[in-house]
Amino acid sequence: MTQAQPKKIVLAYSGGLDTSVILPWLKERYPGVKLVASAAELGQGDELKGIEDKARRSGADDVVVMDLRREFAESYCFAMLRAHAIYEQDYLLGTSVARPLIAAKQVEVARATDADAVAHGATGKGNDQVRFELTYMALAPELKIIAPWKDPAFGLRDRESAVEYAHKHNVPVPVSREKIYSQDRNLWHISHEGAEIEHPEKEPNWHKCLTITVPPEKAPNDREIVDVGFESGTPVSVNGRRLAGDELIAELNRVGGRHGVGIALLVENRLVGMKSRGVYETPGGTILYEAHKAMEQICVERDTLHYKQQVALKYADLVYNGQWFHPLREGLQAFIDHANAAVTGNAKVRLFKGRAQAVSVTSPHTLYDPQLASFSMEGYDVTAARGFIDLFGLPMKVASQARRW
């Protein structure tokens, strides 16, 4: 990474605290530099409202805002869903899977505007710095990488000092000393870190941090059934209504959020070494993962399904670590999509008080044979099992005999 004087920098700009203060700081750090704020609409709600004006007031010479919601849903979230990737048992990778797309589009903007550098607002302690920079390296190794939080000249060392800097430079920011959560929101999820969440001995203040999901105890007392339709492992409909990917996730977020579905509290192992604690809300994604699991259970052959479960662990690591454009992730995706070729049909998921549970599933490609699965022995060669068990258990039998000698 170099700190040579850049001529034009494209900053991944969210309008949040970190990138809001970085714009004026870059002007101070590199006198005469041109700044392009690259903002990605990924389903943040109202967070991008007035973002162009805010970016220009904060020092941007140009602003590019891209609506990436459909591409994010269909090319990133659903690819990850087909893998059934979950990091450390609970995290559905909402922030992780978004960063490579943001960085990839940032590279496109850099090339379109003849910029010679790209920048991000990720800290030197977090995972996002890796996700952004690995994508830059994979797609545009010739671009300079500017990472202010890792620059010794960057005097802001915590969120409180960043708020102070913003106020001093008249930059409006969506946080205060009283509300200091670090939040990342997109179509797939919203994450919360900071304040009492950073202390494992404390329960999060659910009423303050939850945004798209109600606490389960406040969910309706009546269950709701959602029917999700799949084609080759990709969700295509909700309750019989065919929807584009971004619309489908938004609808399931609305329904799942109402029932308190998809709230996760976990201490995770960051790539850079330390543990961190966060609250994640992923209502729509949780419903989709439950429905997809049920579909795979009846459509994917046993050995393939078991091996795919092992692949999912590695796939999740690759996504978490920012290696979306790694050849291994792309190779695993080919296997995953092949395994999902027959995952077509419908799964019904029951939502009730924070729980999403698949309760029925149908598919024209089902491998489930009711006759074989039943207790009836009619038409089944019961003698075949004896020889199978003898051969299958032979190594254990020999080992046991050897121990007695």
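Report follows, based on the coordinates. Everything numeric here is computed off the predicted structure, so don't read it as measured data.

1. Side note on a nonpolar patch on the surface
- Side chains of Leu372, Met377, Tyr380 and Val382 sit close together on the surface and give an oily, nonpolar patch of about 450 Å² of accessible area.
- Among the secondary structure elements, Met377 is positioned in the loop between helix H12 (370-373) and helix H13 (384-392).
- Met377 gets classed as exposed once you look at its relative accessible area, which sits at 54%.

2. What to know about the sheet that holds strand E10 (residues 241-242)
- Read across the open sheet, the five strands follow the order E10-E9-E8-E13-E14; overall the sheet is antiparallel. With one partner strand each, in any of the chains shown, E10 and strand E14 (355-362) form the two edges of the open sheet.
- In the packing of helix H8 (residues 245-258) onto the sheet, contacts are made with strand E8 (224-231), strand E9 (234-238), E10 and strand E13 (345-352), and the angle to E9 comes to roughly 65 degrees.
- This element, helix H9 (residues 283-299), spans E8, E9, E13 and E14 of the sheet and lies at about 35 degrees to E14.

3. Brief notes about the pairing of strand E1 (residues 8-12)
- The buried count for E1 comes to four of five residues, which makes it a mostly enclosed element.
- Relative to strand E2 (residues 34-41), E1 is paired through five bridges, and the arrangement is parallel. Of the residues in E2, the one forming a bridge with Val10 is Val36.
- Between the parallel pair E1 and E2, the chain is carried across by helix H1 (residues 17-29), and the sense of this crossover is right-handed.

4. Side note on the packing of aromatic side chains
- A complete count under the given rule lists eleven aromatic pairs for this structure.
- Judged by centre distance (4.9 Å) and plane angle (20 degrees), the ring pair of Tyr76 and Trp324 falls under stacked. One end of the pair, Tyr76, is in helix H3 (residues 69-83); the other, Trp324, is in the loop between helix H10 (302-320) and helix H11 (327-339), with 248 residues separating them in the sequence.
- Accessibility expressed as a relative area gives 6% for Tyr76, which makes it buried.
- In this structure Trp324 comes out as buried when scored by relative accessible area, which is 4%.
- With a centroid separation of 5.1 Å and an interplanar angle of 65 degrees, the aromatic rings of Trp149 and Phe154 are classed as edge-to-face. There is no split in this pair, since Trp149 and Phe154 are both buried.
- One Lys or Arg, Arg131, reaches over the ring of Tyr320 and ends 4.9 Å from the middle of that ring.
- Positioned above the aromatic ring of Trp324, the side-chain terminus of Arg329 is 3.8 Å from the ring centre.

5. Here we look at the packing of H8 against H9
- Viewed as axis vectors pointing N to C, H8 and H9 meet at an angle of 100 degrees, and their least axial separation amounts to 7 Å. Here H8 lies roughly perpendicular to H9, going by the angle between them. Together, Leu248, Ile249, Leu252, Asn253, Gly256 and Gly257 of H8 and Pro283, Gly284, Gly285, Ile287 and Leu288 of H9 make up the contact between the two elements.
- Partitioning the contact of H8 with H9 into residue classes produces six nonpolar, five polar and no charged.

6. Some thoughts on the packing of H1 against helix H6 (residues 159-168)
- Relative to each other, H1 and H6 sit at 60 degrees, their axes nearing to 10 Å. Relative to H6, the element H1 is oriented oblique. For H1 against H6, the interelement crossing comes out left-handed. Across the interface between the two elements, Leu17, Asp18, Val21, Pro24, Trp25 and Glu28 of H1 pack against Arg159, Ala162, Val163, Tyr165 and Ala166 of H6.
- For the contact of H1 with H6, a count of residues per class yields eight nonpolar, no polar and three charged.

About the thresholds
- Residues numbered from 1 in each chain as written.
- Predicted model: local features only at pLDDT ≥ 70, side-chain atom pairs only at ≥ 80, totals over all residues.
- Heavy atoms only, no water.
- Patch = residues over 30% accessible without salt bridge, like charges linked within 9 Å, V, L, I, M, F, W, Y side chains within 5 Å.
- Areas by Shrake-Rupley, 256 points an atom, 1.4 Å probe, with all protein chains shown as cover.
- Salt bridge = Lys/Arg side-chain N within 4 Å of Asp/Glu carboxyl O.
- Helix = DSSP H or I, 4+ residues; strand = E, 2+ residues; numbered from the N terminus.
- Buried < 20%, exposed > 50% of the residue type's maximum accessible area, 1.4 Å probe, protein only.
- Pairing = 2+ DSSP bridges.
- Contact = heavy atoms within 4.5 Å.
- Axes fitted to C-alpha atoms, helices over the stretch in contact; angles between N-to-C directions.
- Right-handed = clockwise from strand over helix to strand, strands pointing away.
- Phe/Tyr/Trp six-rings, centres within 6.5 Å; stacked < 30°, edge-to-face > 60°.
- Lys NZ or Arg CZ within 6 Å of the ring centre and 35° of its normal.
- Parallel < 35°, antiparallel > 145°, perpendicular 65-115°, else oblique.
- Nonpolar A, V, L, I, M, F, W, Y, C, P; charged D, E, K, R; others polar.
- Left-handed = near helix turned anticlockwise from the far one by under 90°.

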